[in-house]
Amino acid sequence: MIERTKSATATIVVVEDEMGARATLCGILEDAGYEVIGLERGSEALEAIRSSAFDIIITDIRLPDVGGREILELAKEINPDAAVIMMTGYASVETAVDAVNQGAYAYFVKPVDPDEIKTTIANALRHQRLLQENKRLVDSLQRSNKLLFEANEELMQATQAKSEFLAHMSHELRTPLNVIIGFSELLLDEVPGKINEEQRRCLNDVLGGGNNLLNLINDILDLSKIESGKMELSLRNFSLSGVIEALRSVMLPILTPRDQSLDVELEEGLPQVYADKAKVRQVLLNLLSNSTKFTPDGGRLKIEAAREDERCRVSVIDNGIGIKPENQEKIFEEFCQIESPLTEEKGGTGLGLAIARQIVERHGGRIWVDSDYGQGSRFNFTLPLAKTD
Ligand code: ADP
């Protein structure tokens with residue numbers, strides 16, 4: 001026999017073969033505002049569990065036909081969040097404790113105390129709501145994660161496509177540009193014939209513009225190669241002092257007309273580094289070109305290298321215009337150039353530091369700047385020390 005009552009906040013199935021006890025319990029729960037399904041037999045309970053929605057089951061552990069444990073098993077299978085509460089006499093408390101160990105929410109010894117059962121049901125419903133909310137949050141987190149993962153994949157593919165496109169374009173642009181540069185030089189050298197001053201001025205402009213464009217294209221090509229993972233590092237042990245000395249000779253013709261000095265201070269007994277020599281040279285050259293560019297005539301430049309923990313720290317220092325704190329991260333981004341009279345005057349692509357950062361990071365190192373605006377800058381990067389086996 002099924003006794004249904006008014007609609008409420010939760011549906012509770014009560015299974016009790018003793019009519020008086022069942023009527024009392026159903027009455028207490030109805031008065032508390034729940035929808036109650038009162039059942040006499042275990043088999044009826046199994047059927048109700050299969051066919052109707054329920055939140056809580058309160059069942060006698062010993063029923064004449066199907067036992068409370070079977071009801072618990074089926075209820076958990078159909079609705080894992082449902083709370084099943086066992087009722088038992090003193091004689092079968094142990095069985096009720098076992099049932100709790102197998103997933104029952106709680107047990108009561110009969111006769112049931114109305115206040116106690118109402119509190120337990122309120123707690124069980126709160127617990128259920130928390131479980132459901134938790135599940136909802138986990139679901140929504142998993143959905144967001146999936147979306148994020150897909151967006152990331154798309155971004156990676158787009159970056160790859162962009163890098164490949166840039167690499168291809170740069171390569172295609174370089175060939176005609178080299179022709180323009182080559183023929184401008186040939187004309188300036190007057191190989192095909194004499195040129196007048198006006199023509200020389202025009203040709204110098206063509207050559208200057210061509211060289212600037214070639215620098216930009218080379219930088220873009222470098223960066224796109226790095227970004228698409230096509231930059232191979234040829235790693236070996238070498239001494240920094242050789243690279244630095246060679247760079248000093250390269251820089252001298254640029255520094256001398258501007259009356260700039262370049263000091264070198266290498267820590268005594270500085271170990272070798274394990275890196276790609278040509279790439280390290282490229283990083284140092286980028287930093288030194290910037291230092292001379294952003295330091296007024298007569299300025300002082302310096303290269304320092306010292307061991308720092310398990311790495312080698314290399315610094316390029318100048319007493320030039322410096323960088324404001326808010327720009328010190330930004331300048332490592334692609335195409336970032338900070339406005340200053342020197343930037344206008346000396347040109348540049350805004351890619352040098354982005355390339356330097358990629359190269360250093362590919363070596364597992366770090367690059368950063370310390371600077372006092374108006375006083376000068378100190379660009380630092382780290383490299384792995386030589387392998388000793
Ligand atoms: P580029 O030098 O071609 O403009 P970089 O990526 O090498 O591009 O540098 C980005 C910007 O960082 C420069 O335009 C300049 O504003 C700033 N910067 C770089 N090095 C220095 C330096 N030594 N002193 C002051 N500013 C610098």
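Presented here is a report on the structure given in the accompanying data block. (Residues numbered from 1 in each chain as written. Predicted model: local features only at pLDDT ≥ 70, side-chain atom pairs only at ≥ 80, totals over all residues. Heavy atoms only, no water.)

**Side note on the overall build of the chain**
1) Next: Within the chain one finds 10 helices and 13 strands.
2) Next: Taking 389 residues into account, the globule formula puts the C-alpha radius of gyration at 21 Å, and the chain, at 40 Å, lies well above it.
3) Next: The principal-axis extents of the C-alpha atoms in the chain amount to approximately 120 × 50 × 45 Å.
4) Next: Put simply, the chain has 389 residues, and 40% of those count as buried.
5) Next: A fraction of 70% describes how many contacts in the chain between residues 6 or more apart in sequence connect residues 24 or more apart.
6) Next: Summed over all atoms, the accessible surface of the chain reaches about 21800 Å², with 51% contributed by carbon and sulfur. (Helix = DSSP H or I, 4+ residues; strand = E, 2+ residues; numbered from the N terminus. Rg over C-alpha atoms; globule rule 2.2 N^0.38 Å. Buried < 20%, exposed > 50% of the residue type's maximum accessible area, 1.4 Å probe, protein only. Contact = heavy atoms within 4.5 Å. Areas by Shrake-Rupley, 256 points an atom, 1.4 Å probe, with all protein chains shown as cover.)

**Focus: the packing of helix α7 (residues 240-255) against helix α8 (residues 277-293)**
1) Next: Look at α7 against α8: their axes get within 10 Å of each other, and the N-to-C directions meet at 35 degrees. Two packed elements cross with a definite hand, and for α7 against α8 that hand is right-handed. Packed against α7, whose contacting residues are Leu240, Val243, Ile244, Leu247, Val250, Met251, Ile254 and Leu255, the element α8 presents Lys277, Val280, Arg281, Leu284, Leu285, Leu288, Ser289 and Thr292 at the interface.
2) Next: Across the contact of α7 with α8, the residue classes break down as 12 nonpolar, two polar and two charged. (Axes fitted to C-alpha atoms, helices over the stretch in contact; angles between N-to-C directions. Left-handed = near helix turned anticlockwise from the far one by under 90°. Nonpolar A, V, L, I, M, F, W, Y, C, P; charged D, E, K, R; others polar.)

**Overview of the site of the ligand**
1) Next: The environment of the ligand is made up of 21 residues, and the closest members are Asn290, Lys293, Gln337, Thr349 and Leu353.
2) Next: Between the ligand and the protein, one listed contact pairs an oxygen atom with a backbone N or O atom of Gly352 at 3.3 Å.
3) Next: Backbone polar atom of Leu353 to an oxygen atom of the ligand: 2.8 Å apart, as the coordinates give it.
4) Next: For the ligand, whose unbound accessible area comes to 540 Å², protein coverage reaches 97%.
5) Next: Mapped by element, the contributors of at least two residues to the shell around the ligand are α8, α10 (352-362) and β13 (376-384).
6) Next: It is α8 that provides the largest number of residues to the shell around the ligand, a total of three residues.
7) Next: Residue composition of the shell around the ligand, by class: nine nonpolar, 10 polar and two charged. (Near = heavy atom within 4 Å. Polar contact = N/O pair within 3.5 Å; in protein donor to acceptor, adjacent residues only side chain to side chain.)

**A short note on the pairing of strand β2 (residues 11-15)**
1) Next: Buried residues dominate β2, accounting for five of its five residues.
2) Next: The side-chain alternation of β2 yields two buried faces, one formed by Thr11, Val13 and Val15 and the other by Ile12 and Val14.
3) Next: Inspection of the sheet shows β2 paired to strand β3 (residues 35-39) by five bridges, in the parallel sense. Across the sheet, Val13 pairs through a bridge with Ile37, a residue of β3.
4) Next: Crossover handedness for the path β2 to helix α1 (residues 19-31) to β3: right-handed.
5) Next: As paired elements, β2 and strand β4 (residues 56-60) share four bridges and run parallel to each other. Each residue of the ladder has a partner; that of Val14, found in β4, is Ile58. (Pairing = 2+ DSSP bridges. Right-handed = clockwise from strand over helix to strand, strands pointing away.)

**Focus: the sheet that holds strand β8 (residues 261-266)**
1) Next: Taken together, five strands build an open sheet; the order of strands is β8-β10-β11-β13-β12 and the sheet is mixed. Pairing within the sheet leaves two strands with one partner each, and these edge strands are β8 and β12 (367-372). For this sheet, the mean angle separating the axes of adjacent strands, direction not counted, is 15 degrees.
2) Next: Across eight bridges, the pairing between strand β11 (residues 311-318) and β13 is antiparallel. Pairing of Ser315 across the sheet is with Asn380, part of β13.

**Here's the deal with the nonpolar core**
1) Next: Counting residues in each nonpolar core, the largest one holds 43 residues, and the members touching the most others are Leu240, Leu284, Ile331, Phe379 and Phe381.
2) Next: With residues near it in sequence (within four places) discarded, Ile331 still touches Ile323, Cys336, Ile338, Leu353, Val369 and Phe379.
3) Next: Grouped together as the second largest cluster of nonpolar side chains are 23 residues, Ile37, Leu39, Val66 and Val84 included. (Core = buried A, V, L, I, M, F, W, Y, C linked by side-chain atoms within 4.5 Å.)

**As for the packing of helix α2 (residues 42-51) against helix α3 (residues 68-78)**
1) Next: Two numbers describe how α2 lies on α3: the axes approach to 10 Å, and their chain directions differ by 0 degrees. One element, α2, and the other, α3, form an angle in the roughly parallel class. For the pair α2 and α3, contact is made by Gly42, Ala45, Leu46, Ile49 and Arg50 and by Glu70, Ile71, Leu74, Ala75 and Ile78, respectively. (Parallel < 35°, antiparallel > 145°, perpendicular 65-115°, else oblique.)

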